[in-house]
Amino acid sequence: MINKTVNNVTEALEGVHDGMTFMLGGFGLSGIPENSIQELVKRNIKDVTCISNNAGVDDFGLGLLLKKQQIKKMISSYVGENAEFERQMLSGELEVDLIPQGTLAERCRAAQNGIPAFYTPAGYGTEVAEGKEVREFDGKPHIMETAFKADFAFIKAWKGDEAGNLIFKGTARNFNPVMCGAAKITVVEVEELVKPGELDPNFVHIPGVFVQRIFQGEKYEKRIEQRTTRA
Amino acid sequence: MLDKNGIAKRIAKEVQDGFYVNLGIGIPTLVANYVRNDIEVEFQSENGILGMGPFPKEEDVDADLINAGKQTITALPGASFFDSALSFGMIRGQHVDLTILGAMEVAQNGNIANWKIPGKMVKGMGGAMDLVGSAKNIIVAMMHTNKAGQSKLLKSCSLPLTGVECVTKIVTNLAVLDIDKGQFRLLERAPGVSVEDIQKATEGDLIVEGDIPEMKI
């Protein structure tokens with residue numbers, strides 16, 4: 001077994017510095033790497049580019065980095081829940097690249113899988129297609145999209161073992177598996193870190209080969225954006 | 001005239017046995033409440049679930065189980081979870097039978113705009129461009145006019161596009177319409193709404209052929 005464990009979030013983020021490009025898992029606030037984000041805030045890492053489906057809310061998730069103006073550029077599909085984001089974007093303080101959600105996921109997957117580019121129909125005929133190569137397949141126009149390049153991927157999984165094998169839970173899975181191995185260094189935080197052999201290999205979602213560092217997060221708030229219930 | 005629930009009720013009749021259905025945020029989400037319970041349907045939420053169930057009871061709320069609107073949900077027996085790439089793989093690969101989404105504008109050639117008002121509202125397209133770029137069967141659920149009373153069914157869209165020539169059917173508070181050779185075609189009237197009312201509220205070219213029946217909901 002190749003051991004991927006680090007002792008804590010401080011060790012996990014070794015080598016992170018200003019101006020880097022990060023991938024961060026999560027959809028809304030579900031499945032976000034809470035501990036790594038806190039550490040980025042604490043270290044005041046600045047001028048970063050963040051590839052993340054959403055931008056958190058004003059006082060949680062990536063919203064914490066936005067508030068301290070640590071983010072230079074966001075690459076996201078939907079940013080509607082964050083007022084500070086909108087303010088920084090409209091004032092020009094923050095660069096924003098909005099791209100279709102499936103394209104965002106596939107550009108991560110392409111980076112993970114060694115595919116430099118792919119064609120997709122999403123965004124054809126819209127401003128998303130501006131400046132991009134268009135090619136017809138079976139009479140339907142597609143646009144070319146390229147794999148992302150990132151320095152660190154920050155991932156949140158439910159359970160992981162010391163070899164870096166990962167299991168995700170519910171819809172907290174989302175972008176996390178497709179970002180593993182899509183950056184130069186993949187840092188995973190888990191709710192429960194177990195010994196090798198404790199995860200059934202049949203149920204591993206992501207093999208440890210895609211992971212460089214794994215640690216058990218200190219605590220998880222798991223904030224809910226829209227608590228909706230029935231009687 | 002229909003309210004939002006009425007629009008959802010009418011659209012629910014388009015959902016057929018064996019369909020996998022993606023519901024957008026807003027009126028489309030309500031459609032799940034009105035689908036007949038004698039047919040088998042699975043709802044897909046693009047953040048990674050097939051077999052989405054109703055909102056949970058208070059004691060069953062789980063932060064790791066939400067829909068694309070970030071609402072807490074449940075998973076029905078037979079449900080599955082998957083990552084975002086696979087989720088859009090099933091959308092792009094046309095494995096989902098029906099997509100129901102909202103719109104700010106629809107044009108008579110089937111163009112749709114629903115993600116951005118330049119200088120005013122920039123929230124992002126989320127999964128909408130992937131959905132309308134690939135889905136075969138796209139129903140738009142929306143009010144016929146905007147808050148200022150202007151038609152949302154236009155000759156051409158004025159807002160930045162989400163997709164081109166993709167909408168198949170539109171259900172509004174006034175009517176059911178489809179797109180036919182670059183024009184809107186009126187199929188049904190909402191209860192108490194006349195053909196003239198619909199013509200007045202439709203800026204785009206509207207085909208009206210024969211007697212237009214009133215919707216049954």
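For the structure, check the block above.
Residues numbered from 1 in each chain as written. Chains lettered and ligands numbered in written order. Predicted model: local features only at pLDDT ≥ 70, side-chain atom pairs only at ≥ 80, totals over all residues. Heavy atoms only, no water.

A. Looking closely at the interface of chain A and chain B. The interface of chain A with chain B comprises 49 residues on the first partner and 47 residues on the second. Buried area between chain A and chain B, summed over both chains or domains, comes out near 4100 Å², and the portion from carbon and sulfur atoms is 57%. Linking chain A with chain B are five salt bridges. Applying the counting rule to chain A against chain B returns 25 residue pairs in polar contact (both at pLDDT 80 or more). The element that contributes the greatest number of residues to the side of chain A that touches chain B is helix 5 (residues 101–113) of chain A, accounting for six residues. Across the side of chain A that touches chain B, the residue classes break down as 18 nonpolar, 18 polar and 13 charged. (Contact = heavy atoms within 4.5 Å. Buried area = accessible area lost by both parts, 1.4 Å probe. Salt bridge = Lys/Arg side-chain N within 4 Å of Asp/Glu carboxyl O. Polar contact = N/O pair within 3.5 Å; in protein donor to acceptor, adjacent residues only side chain to side chain. Helix = DSSP H or I, 4+ residues; strand = E, 2+ residues; numbered from the N terminus. Nonpolar A, V, L, I, M, F, W, Y, C, P; charged D, E, K, R; others polar.)

B. Structural view of the side chain of R189 of chain B. All names here are of chain B. Topologically, R189 is positioned in strand 14 (residues 183–189). Side-chain polar atoms of R189 contact the backbone oxygen of V193, separated by 3.0 Å. A distance of 2.9 Å separates the side chain of R189 from the backbone oxygen of I212, its partner in a polar contact. In this view, R189 contacts L174, S194, V195, I198, I212, P213, E214 and M215; residues no more than four positions away in its chain are not counted.

C. Fine view of the sheet that holds strand 6 (residues 134–137) of chain A. Residue and element names in this part refer to chain A. Spatially, the three strands line up as an open sheet ordered 5-7-6, and their pairing is antiparallel. Because the sheet does not close on itself, it has two edges, and the strands there are strand 5 (117–120) and strand 6. The average angle at which neighbouring strand axes cross in this sheet is 40°, direction not considered. Inspection of the sheet shows strand 5 paired to strand 7 (residues 140–146) by four bridges, in the antiparallel sense. Its bridge partner lying in strand 7, T120 is registered against I143. Relative to strand 5, helix 5 is tilted by about 155°, and along the sheet it contacts strand 5 and strand 7. (Pairing = 2+ DSSP bridges. Axes fitted to C-alpha atoms, helices over the stretch in contact; angles between N-to-C directions.)

D. Just the environment of I49 of chain B, in detail. The topology assignment puts I49 of chain B in strand 3 (residues 49–53). Along the chain, I49 of chain B and F81 of chain B lie 32 residues apart, while their C-alpha atoms are 4.6 Å from each other. Those residues in contact with I49 of chain B that sit more than four places away from it in its chain are T171 of chain A together with F43, Q44, L65, I73, T74, A75, S80, F81 and F82 of chain B.

E. Summary view of the pattern of salt bridges. Taken as a whole and judged by the stated rule, the model has 26 salt bridges over all chains. When the shortest N-O distance is used, the salt bridge between R227 of chain A and E58 of chain B registers 2.9 Å. Of the two residues, R227 of chain A is situated in the segment after strand 11 (213–216) and E58 of chain B in the loop between strand 3 and strand 4 (74–81); the pairing between them involves two chains. Among the charged side chains, a network of salt bridges with common partners joins K156, K169, E191 and K222 of chain A together with D62 and D64 of chain B.

F. Focus on the state of the cysteines. Applying the stated criterion across every chain yields a total of zero disulfides over all chains. Free of any disulfide, C50 of chain A has its nearest cysteine sulfur in C108 of chain A, 13 Å distant. Owing to a relative accessible area of 0%, C50 of chain A belongs among the buried residues under this scheme. In this model C157 of chain B remains outside any disulfide bridge; the closest cysteine sulfur is found in C166 of chain B, 9.1 Å from its own. (Disulfide = S-S within 2.5 Å. Buried < 20%, exposed > 50% of the residue type's maximum accessible area, 1.4 Å probe, protein only.)

G. Spatial organisation of the environment of D3 of chain B. Residue and element names in this part refer to chain B. For D3, the position within the fold is in the segment before helix 1 (4–12). A C-alpha to C-alpha distance of 29 Å links D3 and A75, two positions 72 residues apart in sequence. In terms of polar contacts, D3 uses its side chain to reach the backbone amide nitrogen of N5, at 3.2 Å.

H. Structural context of helix 5 of chain A. Residue and element names in this part refer to chain A. End to end, helix 5 covers 18 Å across 13 residues, agreeing with the expected 18 Å (1.5 Å per residue, within 8%). Taken across its 13 residues, helix 5 has 11 buried, putting it largely inside the fold. Along helix 5, the residues that are buried comprise Q101, G102, T103, L104, A105, E106, R107, C108, A110, A111 and Q112. (Expected span 1.5 Å × (residues − 1).)

I. Local environment of the sheet that holds strand 11 (residues 153–154) of chain B. All names here are of chain B. One open sheet accounts for three strands, arranged 7-6-11; its pairing is mixed. Among the strands making up the open sheet, the edge pair consists of strand 7 (112–113) and strand 11. Relative to strand 7, strand 6 (residues 105–107) is paired through two bridges, and the arrangement is antiparallel. Each bridged residue has a counterpart across the sheet, and for V106 the counterpart in strand 7 is I112.

J. Looking closely at helix 2 (residues 34–43) of chain A. All names here are of chain A. The element helix 2 is largely enclosed, with a buried count of seven among its 10 residues. Inspection of helix 2 places E34, N35, S36, I37, E39, L40 and V41 among the buried residues, and these make up the whole buried set. The inward-facing, buried residues of helix 2 contact helix 1 (9–12), strand 1 (21–24), helix 3 (63–67), strand 8 (152–161), strand 10 (185–194) and strand 11. A positive backbone phi angle near 55° is found at N44, which sits one or two residues after helix 2.

K. Local environment of the packing of aromatic side chains. All names here are of chain A. With the rule as written, the count across this model stands at four aromatic pairs over all chains. Each ring, one from F22 and one from F154, has its centre 5.2 Å from the other, and the planes form 75°; the classification is edge-to-face. Placement of F22 in strand 1 and of F154 in strand 8 is noted, with a sequence separation of 132 residues between them. Each member of the pair, F22 together with F154, is buried. Counting every residue linked through ring pairs, the aromatic cluster contains F22, F152 and F154. (Phe/Tyr/Trp six-rings, centres within 6.5 Å; stacked < 30°, edge-to-face > 60°.)

L. Spatial organisation of unusual backbone geometry. Located in the positive-phi region is Q69 of chain A, a residue other than glycine, with phi close to 55°. Tracing the backbone through its elements, the reader meets Q69 of chain A in the loop between helix 3 and strand 3 (71–76).

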